[in-house]
4 protein chains.
Amino acid sequence: MINNPVPWPNGAKCAACVTFDMDADSLVHISHPKESHRKAATTSMLQYGPEIAIPRIVETYRRLGIKQTFYIPAWCVERYPDAVETILKGGHEIGHHGYIHEHPNELPPEEEAHWLDVGIDIMKRATGKAPRGWRAPLYNMSDVSCDLLVERGFVYDASLMGDDQPYMLDTAKGSLVELPTHWGLDDWPQFVQSEDLGYFGNIMSPAMGFEPYIQEFNAIKKYGGLWVAVVHPFATGRLARWDVVATFLEQALAPGDVWFAPMEEIAAHVQKVTASGEYSPRRVAMPAYKAPIFDSAVGKYR
Amino acid sequence: MINNPVPWPNGAKCAACVTFDMDADSLVHISHPKESHRKAATTSMLQYGPEIAIPRIVETYRRLGIKQTFYIPAWCVERYPDAVETILKGGHEIGHHGYIHEHPNELPPEEEAHWLDVGIDIMKRATGKAPRGWRAPLYNMSDVSCDLLVERGFVYDASLMGDDQPYMLDTAKGSLVELPTHWGLDDWPQFVQSEDLGYFGNIMSPAMGFEPYIQEFNAIKKYGGLWVAVVHPFATGRLARWDVVATFLEQALAPGDVWFAPMEEIAAHVQKVTASGEYSPRRVAMPAYKAPIFDSAVGKYR
Amino acid sequence: MINNPVPWPNGAKCAACVTFDMDADSLVHISHPKESHRKAATTSMLQYGPEIAIPRIVETYRRLGIKQTFYIPAWCVERYPDAVETILKGGHEIGHHGYIHEHPNELPPEEEAHWLDVGIDIMKRATGKAPRGWRAPLYNMSDVSCDLLVERGFVYDASLMGDDQPYMLDTAKGSLVELPTHWGLDDWPQFVQSEDLGYFGNIMSPAMGFEPYIQEFNAIKKYGGLWVAVVHPFATGRLARWDVVATFLEQALAPGDVWFAPMEEIAAHVQKVTASGEYSPRRVAMPAYKAPIFDSAVGKYR
Amino acid sequence: MINNPVPWPNGAKCAACVTFDMDADSLVHISHPKESHRKAATTSMLQYGPEIAIPRIVETYRRLGIKQTFYIPAWCVERYPDAVETILKGGHEIGHHGYIHEHPNELPPEEEAHWLDVGIDIMKRATGKAPRGWRAPLYNMSDVSCDLLVERGFVYDASLMGDDQPYMLDTAKGSLVELPTHWGLDDWPQFVQSEDLGYFGNIMSPAMGFEPYIQEFNAIKKYGGLWVAVVHPFATGRLARWDVVATFLEQALAPGDVWFAPMEEIAAHVQKVTASGEYSPRRVAMPAYKAPIFDSAVGKYR
């Protein structure tokens, strides 16, 4: 089912990381720039993430003895220093997630680069080092994102959905490790509803909403890929839902045959086994398209 | 999982309140001001709340021997006096829920204040006393709501989503107890569909739609917070659904280890243990933001 | 749970009717008046109703020995005479469902009356008698619908959602029996998705999608009301779904304690027990509102 | 439940085909002609289809020893030659699915014909023969599609939803075999969510999302029709979901009483038993409507 599976450390059946997109109330400021201060309930719903869920999540991981990855918009890094400190004290990785959850592929390249750099500076000051990995807000990587990331020394990206295991993104100036996920491992379709955020859908029970994650984990473990869960502290970090996740994690860790690790360690492992010749990853040239395939000048597809 | 849990009366494992937002047909008048009289079926669907569901719900609570809280727009208080009388005879609390379900954060502050005052007057006449608590229609608290509530002597708010247990909202002029809930405990994502109300989504079976409430209750009871279910009589009060809820309530009450109480009693308890020094609640300054963080004059985030 | 329950014939625990809104492709013509002929797949999906599902449904009822009610837009009565004949041969009731699924509450009263009359004429020619009952397309009864129905001698309406059992709609000129249902007993939220019809949502499995109907039936039977399922032949009449329904019907009929009957017989029963004084139904004056409660001239609610 | 069932080869209880609409990133180019190159994540999500899912799917079928049908837009045939070659080496049928997933019923007839012909040429070059079957992108068959298909020698269409088994589409110039499916057998309502593709909804777990397919299969097998699953490699071909499908297929094949075959073989069988007089299929004249039934010149329905 998986061709050319990555050899994981110590013979682990698969690699796994729960990644936390701690967007907090950046979402309401970016979508309502003139009225965000009037959205008190949505703000409180989102602030539950850094204020209530983050300490809970980090404590669970302390108990379980594993470290994971948190993607945090730089504006949130500055706005919620306690949450950042809690995460860092827990030994977790913090990755780049934009400045204020702006969508890179809706910005001109120079603006995308600007916010990327602003974010790097803020993260350096807050964490003591430059971020190694990036996840585009709402996965919205642009056609120039990989170039920008490579130029700035990023090691990996976590925005794409092109495989069940790591692969390489090649640009003219260098490569990134891609650590992919997909919408079936995101918690918005399970747990979020918000008129202010323009998002509707049913809300699943905690157990039913986490069931897709479990089935995906079981398949990845069966066949040997990478399980990257994308959860939002304000949503999956709520009490009843996190209780389900914590119970799952205990059970998933018990056999000791899955490698739970921060994304940067997974990326480093892929680089290592590639460099040693032990493994030859799938390689994809980026961007997939440098221009629209529809040539509007002549009204034809290229 | 919950830091600094509130000490509940008599060693109860948690506090719980099913809150009923009895909006009735205010929803169709506010969303279709010129054509609401033409929406006969939607009106009948919504009038099921005060006319059929309210007597049923109050009777269930009479049998179970507990009292809860009903949030009712003032226009509905005047329009449905029988429902109000039934609720009052049952000994339940009636809280403020706007005049006609207008959204506070879409109004200028003086209009918000106006409708708040109109509602207080109507509620005083109908219930004999000023309301102690408020839930913003659709949770849409504004940046000035807390100030307005404090100035008018409200004790608590029930519009926010920032914690799993009560916390304090501090303003320059005084504080409110916040009794939070969240969208995972609201019945619209489970049971409502209405083109007239601009709301779509699947409709869950009665048992499946109430399952999130049960799982949330079990988690709250396990860890010691506050379970605030938000249900609408026109939706969850329908026969098959209420039958599920009534059965759940019987089972939840049986062990005698959960404190079901009206919201005002829960707020009063929090005030009492805080005043006595037995408990030190989490405090949040309100509003979170007094202006947009995006400064459109200079095109920058503050 | 149900106050003042209707006494059903022969001590039946409740009354029940599966009503079929056989809209066929009227839906695509009314929503795409200029391009409906170009929607071949949606048309085929909808024509499955009269061409495939109707014979199947009628055959099931022949085997089970019960009769139910079909609401059919008059345009469909003329367009699909074989389906109409099959239904009539099965002894079922055909009720009025508009001319071509136009929404009454979006029409001026004289247009609503016009199409109502056109429909009555077509139904008289096709069925040999005037329709006794009406369901507004998409339940969209207007403020004048009850007056128009009473003037034309209709016995009952099946468009409203105001109770769990029959009640009376009183107008200045006379009364109608209301046989109510609600969105939780409609199959669109379970089984329909169509871009051409502007309707999205998940599609449930046949068993899961019919589960709400079963739970509602069990509650109605437990407490003694009226179960009015609203299903569309093109949706619930599909093979796997109808197989679930047919199995349910067999089981529901087995104990012999539920009165499955056409809507007109249920309405006649309510009239009979009311006339005899055996029963005093709830009465609602219609319309609920003769004008908007918001007076836009003065910007105030009445 | 099924009138006049098709006699299947070797006494099979029913016929079955999983059809794969391999749209790949055609969807993003057609819906965002000026910005498709900027949608890197959605592109990667869609490219998962040809690059990861197709080899997996073909390998599963090799193991199971059956052949099925893939509908591929011609642009994708040219863009993903490896996927096409993998499919052809597996012995599967490739059907016509438009040029770049344009909707036929939104195009003037001459444009529809143009892209149909462009697609035939590309498919001839890539597969060595003209396509025998067609599925309209998004099922959007127009009023002229059948005429165009008949003129070009197509044997069957797979875009309609008018029955549970094959039927004939008759035009003035000849006939097509229709091999119908319906939205309850499509995987978008179960597994897809994409802002870039304008599609929302909850995402079901792999097992729950495939459950409708299984229930439909069981009903078709019980009553003897044709089960046409419509799945998209980028969605159902993902690891955990395909694992569910592969397990189902093993179990469905085990008794040996279902005829799994490519669509062209099913169409050929229907032609054969019809020609021999063994079977008389249902016949439908196409198009159902040659013009809108609403005559806007006089404002009346015809």
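These notes cover the structure that comes with them. (Residues numbered from 1 in each chain as written. Chains lettered and ligands numbered in written order. Predicted model: local features only at pLDDT ≥ 70, side-chain atom pairs only at ≥ 80, totals over all residues. Heavy atoms only, no water.)

### With respect to the interface of chain B and chain A
Across the contact, 51 residues belong to chain B and 45 residues belong to chain A. For the pair chain B and chain A, the summed buried surface comes to about 3,800 Å²; carbon and sulfur atoms form 57% of the total. Seen at the junction of chain B and chain A, the total is five salt bridges. Among the elements of the structure, helix H7 (188-191) and helix H8 (206-223) of chain B are those that each provide at least two residues to the side of chain B that touches chain A. Top element by residues in the side of chain B that touches chain A is H8 of chain B. It accounts for nine residues. Classifying every residue of the side of chain B that touches chain A by side-chain character gives 27 nonpolar, 13 polar and eleven charged. (Contact = heavy atoms within 4.5 Å. Buried area = accessible area lost by both parts, 1.4 Å probe. Salt bridge = Lys/Arg side-chain N within 4 Å of Asp/Glu carboxyl O. Helix = DSSP H or I, 4+ residues; strand = E, 2+ residues; numbered from the N terminus. Nonpolar A, V, L, I, M, F, W, Y, C, P; charged D, E, K, R; others polar.)

### With respect to the side chain of Gln190 of chain D
Tracing the backbone shows Gln190 of chain D in helix H7 (residues 188-191). Overall, Gln190 of chain D belongs to the buried group, its relative accessible area being 2%. If sequence neighbours within four positions are ignored, Gln190 of chain D has contacts with Asn202 and Ile203 of chain C together with Asn202, Ile203, Met204, Met208, Gly209 and Pro212 of chain D. (Buried < 20%, exposed > 50% of the residue type's maximum accessible area, 1.4 Å probe, protein only.)

### A short note on the arrangement of the chains
Across the gap from chain A to chain C, with no contact made, the nearest C-alpha atoms are 8 Å apart. In this view chain B stays clear of chain D, with the nearest C-alpha atoms of the two still 8 Å from each other.

### With respect to unusual backbone geometry
For the peptide bond that leads from Met286 of chain B to Pro287 of chain B, omega is 0 degrees, which places it in the cis range. Unlike most non-glycine residues, Ala24 of chain C shows phi in positive territory, near 45 degrees. A residue is classified by how much of its surface remains accessible, and Ala24 of chain C, at 3% relative accessible area, is buried.

### Brief notes about the relation of the copies chain B and chain A
In this arrangement, two copies of a chain are superimposed by a rotation about an axis accompanied by a shift along the axis. Its rotation angle being 90 degrees, the transformation that places chain B on chain A also includes 0.0 Å of axial translation and leaves an RMSD of 0.0 Å. Overall, the copies show the geometry of a four-fold rotation axis. In terms of proximity to the rotation axis, the leading residue of chain B is Gly201 of chain B, whose C-alpha is 4.0 Å off the axis. Comparing interface residues between copies, only 8% of those in chain B also lie at the interface in chain A; the contact surfaces differ. (Least-squares fit on C-alpha atoms with pLDDT ≥ 70 in both.)

### Concerning the pattern of salt bridges
A complete count under the given rule lists 76 salt bridges over all chains for this structure. Glu78 of chain B serves as the salt-bridge partner of Arg125 of chain B, at 3.6 Å between the closest nitrogen and oxygen. With a gap of 47 residues between them, Arg125 of chain B in helix H5 (residues 109-127) and Glu78 of chain B in helix H3 (residues 74-79) connect regions that are remote in the sequence. Using a relative accessible area of 61% as the deciding quantity, one classes Arg125 of chain B as exposed. One network of salt bridges, in which partners are shared, links Asp117, Glu151, Arg152 and Lys173 of chain A.

### Focus: the interface of chain D and chain A
Contact with chain D, which involves 45 residues of that partner, is made by 51 residues of chain A. Between chain D and chain A lies a buried interface of about 3,800 Å² when both sides are counted; carbon and sulfur atoms form 57% of it. The largest contributions to the chain D side of the interface with chain A come from His37, Arg38 and Leu239 of chain D, which together make up 19% of the buried area. Where chain D packs against chain A, one counts five salt bridges. For Glu51 of chain D, the salt bridge goes to Arg282 of chain A, with nearest N and O atoms at 3.2 Å.

### Some thoughts on the packing of helix H2 (residues 40-64) of chain C against helix H9 (residues 239-253) of chain C
All names here are of chain C. Packing of H2 against H9 leaves a shortest axis separation of 11 Å and a crossing angle of 20 degrees. Taken together, the axis directions place H2 and H9 in an arrangement best described as roughly parallel. Helix-helix and strand crossings are classified by hand; for H2 and H9 the assignment is right-handed. Contacts between H2 and H9 pair Tyr48, Arg56, Ile57, Thr60, Tyr61, Arg63 and Leu64 from the former with Leu239, Trp242, Ala246, Leu249, Glu250 and Leu253 from the latter. Each residue belonging to the contact of H2 with H9 can be placed in one class, and the counts come to nine nonpolar, one polar and three charged. (Axes fitted to C-alpha atoms, helices over the stretch in contact; angles between N-to-C directions. Parallel < 35°, antiparallel > 145°, perpendicular 65-115°, else oblique. Left-handed = near helix turned anticlockwise from the far one by under 90°.)

Read these as geometric descriptors, not functional statements.
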